[in-house]
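Now for the letters of each chain:
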Amino acid sequence: MKDKKITLSHGAGGRLSHDLIEEYFLPCFDNDLLRALDDSAVIPMQSEQANRLAFTTDSYVVKPLFFPGGDIGRLAICGTVNDLAMAGARPLGLSASFILEEGLPIEDLERILASMKGAAEEAGARVVAGDTKVVEHGAAEGIYITTAGVGQIPEDVAIGSAQAKPGDVVMVSGPLGDHEIAVLMARGEFALQGEVESDCAPLNGLVEAMLEVCPEIHSLRDPTRGGLATVLWEIVNSSKVGVIIDEGEIPIRDQVRAVCDLLGFDPYYLANEGRLVAFMPQGEAKAVLKAMQAHPLGGEATIIGKVTAENPGKVLLHTPIGGHRLLEPLSGEQFPRIC
Amino acid sequence: MNPHKSPDEGKLAPLLLENIAALADSPMRLMEVCGTHTVAIFRSGIRSMLPPGVELISGPGCPVCVTPAGEIDRAIALSRKEEMILATFGDLMRVPGSSSSLQEERASGAAIRVILSPLDAVKIAEENPDKTVCFFGVGFETTSPAIAAAVMEAGRRGLGNFYLLSSQRLIPPAMRALLSGGGVKIDGFILPGHVSVVIGKAPYCFIAEEFGLPGAITGFEPLDILEGIYLLLRQRKEGRTEIEIQYSRVVQEEGNPRARGIMGEVFAPVDARWRGLGTIPQSGLVLREGFSQMDAAQAFDIPYAEVEDPPGCLCGEVLQGLVRPPECSLFGTGCTPEDPVGPCMVSTEGSCAAYYKYGRGAGGDER
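Residues numbered from 1 in each chain as written. Chains lettered and ligands numbered in written order. Predicted model: local features only at pLDDT ≥ 70, side-chain atom pairs only at ≥ 80, totals over all residues.

## Topic: the overall build of chain A
(1) Moving on: Helices and strands together make up the secondary structure of chain A, namely 9 helices and 13 strands.
(2) Moving on: The C-alpha radius of gyration computed for chain A amounts to 21 Å, which stays within 12% of the reference 20 Å derived for 339 residues, consistent with globular compactness.
(3) Moving on: Dimensions along the principal axes, computed over C-alpha positions, put chain A at roughly 65 × 60 × 30 Å.
(4) Moving on: Each of the 339 residues in chain A was classed as buried or not, and the buried ones make up 51%.
(5) Moving on: In chain A, once contacts between residues fewer than 6 apart in sequence are set aside, the share between residues at least 24 apart is 86%. (Helix = DSSP H or I, 4+ residues; strand = E, 2+ residues; numbered from the N terminus. Rg over C-alpha atoms; globule rule 2.2 N^0.38 Å. Buried ≥ 20, exposed ≤ 12 C-beta atoms within 10 Å, placed from the backbone. Contact = placed C-beta atoms within 7 Å.)

## Some points on the overall build of chain B
(1) Moving on: The helix and strand inventory of chain B stands at 15 helices and 11 strands.
(2) Moving on: The C-alpha atoms of chain B give a radius of gyration of 21 Å, which matches the 21 Å a tight globule of 367 residues would have.
(3) Moving on: Dimensions of chain B, computed from C-alpha atoms along their principal axes, come out at roughly 65 × 50 × 45 Å.
(4) Moving on: Split into buried and exposed, the 367 residues of chain B put 55% on the buried side.
(5) Moving on: For chain B, contacts bridging at least 24 residues in sequence account for 76% of all contacts bridging at least 6.

## Observations regarding the packing of helix α1 (residues 15–28) of chain A against helix α4 (residues 106–123) of chain A
Residue and element names in this part refer to chain A.
(1) Moving on: Remark: α1 packs on α4, axes separated minimally by 9 Å, with the N-to-C direction vectors making an angle of 20°. Here α4 runs roughly parallel to α1, going by the angle between their axes. Of the residues in α4, those in contact with Tyr24, Phe25 and Cys28 of α1 are Leu109, Glu110, Leu113, Ala114, Met116 and Lys117.
(2) Moving on: By residue class, the composition of the contact of α1 with α4 is 7 nonpolar, no polar and 2 charged. (Axes fitted to C-alpha atoms, helices over the stretch in contact; angles between N-to-C directions. Parallel < 35°, antiparallel > 145°, perpendicular 65-115°, else oblique. Nonpolar A, V, L, I, M, F, W, Y, C, P; charged D, E, K, R; others polar.)

## So, the domain arrangement of chain A
Residue and element names in this part refer to chain A.
(1) Moving on: Per the domain assignment, the segments of chain A are domain 1 (8–153) and domain 2 (169–326).
(2) Moving on: Placing a centre on the C-alpha atoms of domain 1 and another on those of domain 2 gives a separation of 27 Å.
(3) Moving on: Taken together, the contacts link 23 residues of domain 1 with 21 residues of domain 2.
(4) Moving on: Of all the secondary-structure elements, those providing two or more residues to the side of domain 1 that touches domain 2 are α3 (72–85), β4 (90–101) and α4.
(5) Moving on: Top contributing element to the side of domain 1 that touches domain 2 by residue count: α3, with 9 residues. (Domains from an automatic or database assignment.)

Structural data, given as structure tokens:
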């Protein structure tokens, strides 16, 4: 397979398109529903009690395609599985659409597909529908992937950004900012080197473990673009409550903090792809924290704050020296500063 | 227990605050000259903890903010030239010129690269021998030695395609201009730690000797800033006016002679325009003879044209500490980080951006 590249003929719908799917895509995502190769995948419901579906989609255009701790394929599976998980949904099926740039080494495609397969297996999710297009050289950057997912929401679960209540405890599942800093360093633009790995991971298993001990979790979000600050702000605004965060409790790795200091970035706005923020009743918080810490993806889970009836719509940060300030959502793009 | 937590701050801060409160028996207005201090003060919530008499005013120490719109226009004019790659620091991308910004130019197809170190621009020039590479060099004494080193390196590598658009500025002349202007009442200065690593203590001594005001060269951790404030209050109590070094773990009294040597070899001081402060004598840096073939302002036809501040924009007054950002009628309504009118709302070091991002509605932080 070495040196073979994607050509426009792979997208022409003829023999080569068929071969590409048969040779690379089907073996990777092999399951009955996909194998049928009908125009639609027909998915049976898993439980008759559940009468609500969660449905989500996302496009992935990350640069570089491969970075420490993940790649565009792993990201495309985890992102959509996590969006479903944040509604408490169990994935029934995913779709994956690929836009391939002419000239993409087949070897890279194979690596990305293998990584998608691995991530889907970790999540216990199946890719049941897909599509491939090829665009001419220069019209894309190697590969773009769009995934969508449907999931089934258990009957007793009612998670939503508007559900946070005064008295709720706020938790994060682990250190923040690893993903964005890992990708930034992998781009090599800033000649930064380090050992930060992306946190990219499917969170549905962790969410199931949390829901098992506390089905009444109020709000769940994965802090992707815009980071922790934006997610907290969105939840308190939807729920019309306030939140007080103890800044000293927000877990951030030293290396991530160092890069932020250097570039003038605020770590609370960094993107994560395998972390979650949870709001839940205080009475259940200890049990949930224990369940999270027992899960491989929640070992460093920690309580960072609590919800108040006062200051609705505001995220108040208590600083380690005893001061306080507001945490606002991300505006625009973070640019590295001068000095 | 959170392993990522810093252990000492929570214990030491109350002690420093107690000492500050004991000395704050009458009002004291302190200017933090440097934008990095402004941001650190907001981020740590220091304003919310100080006794009512101690007021902090933000000064002109934001390199992007003091760059006049006319110089942004020159950089934009350069970026529109054929076969040109313009390299610059990220903070400058969104600063509005008279009719565009570098970010808009990049979106329209100009080759503009955001870099972290001036040496990256030299590398870009070496990798693109068929292009012209111009570095738009904005910054204070903190950045100038690195820009000087990049210029020397470009000379050493014999790169004929590397140019510098120098928009560097020096802090002490600006402070003299601010104090001579007399418009703003200041009782003491929190002096910039990073700049002082290079220039040391001597260039600030006129503040104490000629204007009778205390200064403290201060670091950027919350505890540093609290200690800097404490040192200034203590000087008043003891009837002293001098320049003290709080940030002694990093700043030497004589600064860094080697860095100043490189700066002096490559650059000569020149009168420079500052947004809000006008033209200040000997406050800018221009390439010396021997390096002037790399001077983009000479090599290309990019005349400087004065640009009026946008109507209503008070960046000039904000930079002098004459008004606080929320006192500007555009603040938060006509001027936001998403859609900035003035540079102080653009830069991460800008006072307006800091007030907007951290200060609104947070009780004591409005002070």
